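Here are the chains, one letter per residue:
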Amino acid sequence: MRALLAFFLGASMKSTAFVVPKSSIHGVATSSKNAKNVATSAPHQNNGRRRIPFPSTSTQCDNNYPIVSSLAASSSSTTSASETKAKAPYRYDNYDKPIVLIGSSSSPEANEIERLALSLSGALVGNNSKRLASTLDNLQRSQGAGLLNEDDDTDKNVAGIALSAVGLDDEGPFMLDAGLIGELIRKKTLSLTSGVITLDFNHAAFQTDDEGMKVDLTRAMSSLAKQLYEDEGLLAVYVNIKPDGDDNAVSEEAKMVEKEVMIPFSDYEICIKNEGMGDMGDDTAAAASSWADVEWELNRIAARALLPPSAVGATGNANSADLMMGLNTFFVSLTFPKVEDATPYIEQMCQDVDSMEYRVDLLDAAKEYSKGESSSDEGSDDPRFDILYQQQRLRALCRPHSQRAPGLPFAGTTIIDDALPIVYTVRTANQAGTWPDDEEGIKKMFDLLELGLRSATEVLDVESAWDPQLTDKLLHQSQSRYTSLILGSHHVVGTQVSMDDAVNLYLQCGIQGRAHGTKVVLSILSNENNDDALAYEASLAAARLQDPELPNISLILGEIGSYSRILNPRFTPVTHECLPSVAAPGQLTAAEIMAGKL
């Protein structure tokens, strides 16, 4: 059995012979005047297709040697997340292939992944039931007919289409074949608007006591995930589901599958706790609202992923730094150890600012991540998950109150106008923050910055002073696969630099032509010679040397530098009257800055 387990993932990445083209469209949601949305599970016809030879009595699993051992044994033969991304140069603008959702639902009954697939599928066509019904009809008339349930009724109001990679029928489990999917994509039978593919590692087919069958199923699903991501170039989102509660502790097997499969073979990530379980007691309205926030977040991620890339210096498009960091724009820095602590202030803050700065280094979860500790007392043993989840909560809290959010085009069908942009920042101790800046700390900082890309953050603050190789690796990923704007930054703390040095810092923050904007924060020792204008004047001098010219943010630290915040023309960090304290000495409110400009 140990030999079988060692084969579990490593060999499966080299061969697909065991993957069976046994396929269907699961979860075609329909609605009528007299019925709620329902998800139908299609019957599956053999049509000469081969089935996976799942082990049963012929191969017994050693219960003392769990599945995780096979993943660990195969780690040397699998591809890391960064190595995988480095191989794949494609982006997702002009993308017309199915989106993949990969993860593990909390239970087959909760079925979060299929439900999200149905919701996203409908949203991608503007929730146009007739168009979805036409898609089903076209599939029935094509080589994709074998994918459909013969009982699917295209006369009903179809709400979404989810294509499950794994199925379970009277003959047992089967797996959808990557080759078949690729053929249907190339023939345009499957496209962005023809359904969402799901890879659910807690599908009903996994609910068995046969450990050998679980190993084979996981092996087949892992191989399929790799093929769809690397060979077919499909946009994949990891649906990271970790419900609260002691009964929902994440197993070592699940952690290894996440590390070796779900993260490497996806670009984006969305986090769910109890939202999909409807576990809100008697408050059904709160449960519905909570799940709606998750559906909205997935739509936002897809919308960001499908944006055209932002060229450095570009203007006039929905993803340009000139728009996001425009004249007289402001962002407020959150300094709370937990996002929920900001709840009483969010509504008022959203009225005056254009973005929120998510200061990861100030979070309790980030401190636990830095030390390698868990936050089990908060219902989770995964600080990485908590960092992503709290960013989503910030968006959900801001969403009802967003007044100045730019329009975000979504698949050519609608505009998302309530997504207040987030500046994702991990500020190091050397640069007026709290994140450890030793060698190990900087390495983890870059891991967290990659997490920011996976969250589809609008602006990623990248300090320009650190390891060139780690910086190059991060920006290569950003340029090749993501649409986040890069804000190159540098803070000088406790010493005053010359004008020439200040200008060079702006050029350094351009990060060799790959940053979309720059932010330089300086210190001055006195203001006898109007030195509080040093950063602003250096930004003007640097602009004459930049090609193309970038949005430059220029600030002076401390009370002595308050006037620099009035001089700064764009994307100024501010505090707010409602907050109990300022994020940094010398910060002004947006109202105070505008009054100062007048």
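Everything that follows concerns the structure shown earlier in this document.
Everything numeric in this text was worked out from a predicted model, so none of it was measured.

**Student:** Would you take a moment to explain the packing of helix 12 (residues 364–371) against helix 14 (residues 439–454) for this structure?
**Tutor:** Packed helices, taken two at a time, are described by their axes: the angle between them and the distance between them. Interhelical geometry of helix 12 versus helix 14 gives an angle of 130° and a closest axis separation of 10 Å. The angle between helix 12 and helix 14 falls in the class oblique. Of the two possible hands of crossing, helix 12 and helix 14 adopt the one that is right-handed. On helix 14, the residues touching Tyr 369, Ser 370 and Lys 371 of helix 12 are Lys 444, Asp 447 and Leu 448. Each residue belonging to the contact of helix 12 with helix 14 can be placed in one class, and the counts come to two nonpolar, one polar and three charged.

**Student:** Explain empty space enclosed by the protein here, please?
**Tutor:** Vacant regions in the atomic arrangement are exposed by a probe of water-molecule size rolled over the atoms. Taken as a whole and judged by the stated rule, the model has three cavities of 30 Å³ or more. Approximately 80 Å³ is the volume attributed to the largest cavity. If you go around the largest cavity, the residues you meet are Arg 304, Ala 318, Met 324, Pro 406, Gly 407, Leu 408, Ala 419, Pro 421 and Glu 458. For the lining of the largest cavity, the class distribution of residues is six nonpolar, one polar and two charged. Its boundaries defined by the atoms lining it, the second largest cavity holds a volume of some 50 Å³. Lining the second largest cavity, in full, are Leu 334, Phe 336, Lys 338, Val 339, Ala 342, Tyr 358, Arg 359 and Leu 363. In terms of residue class, the lining of the second largest cavity is made up of six nonpolar, no polar and two charged.

**Student:** Explain the nonpolar core here, please?
**Tutor:** If you look at the biggest cluster of nonpolar residues, it comprises 130 residues, and the most contacted ones within it are Leu 101, Leu 199, Met 356, Ile 387 and Tyr 424. Sequence-distant contacts of Tyr 424, that is, excluding residues within four places in its chain, are made with Tyr 358, Val 360, Ile 387, Gln 391, Leu 448, Leu 449, Leu 451, Gly 452, Thr 457, Val 459, Leu 460 and Asp 461. Grouped together as the second largest cluster of nonpolar side chains are 16 residues, Tyr 506, Leu 534, Ala 538 and Ile 556 included.

**Student:** Help me out: how do you make sense of the environment of Met 445 in this one?
**Tutor:** Turning to its location among the elements, Met 445 is positioned in helix 14. Taking the relative accessible area as the measure of exposure, Met 445 reaches 1% and is therefore buried. C-alpha separation for the pair Met 445 and Thr 428, spaced 17 residues apart in sequence, amounts to 8.4 Å. Dropping the residues within four chain positions of it, Met 445 is found in contact with Val 426, Thr 428, Trp 435, Glu 463 and Trp 466.

Parameters and conventions
Residues numbered from 1 in each chain as written. Predicted model: local features only at pLDDT ≥ 70, side-chain atom pairs only at ≥ 80, totals over all residues. Heavy atoms only, no water. Axes fitted to C-alpha atoms, helices over the stretch in contact; angles between N-to-C directions. Helix = DSSP H or I, 4+ residues; strand = E, 2+ residues; numbered from the N terminus. Parallel < 35°, antiparallel > 145°, perpendicular 65-115°, else oblique. Left-handed = near helix turned anticlockwise from the far one by under 90°. Contact = heavy atoms within 4.5 Å. Nonpolar A, V, L, I, M, F, W, Y, C, P; charged D, E, K, R; others polar. 1 Å grid on protein atoms, 1.4 Å probe; cavity = no way out; pocket = protein on both sides within 12 Å on 5 of 7 lines; lining within 4 Å. Points joined across faces, edges and corners; volume = space filled by probe spheres on them. Core = buried A, V, L, I, M, F, W, Y, C linked by side-chain atoms within 4.5 Å. Buried < 20%, exposed > 50% of the residue type's maximum accessible area, 1.4 Å probe, protein only.

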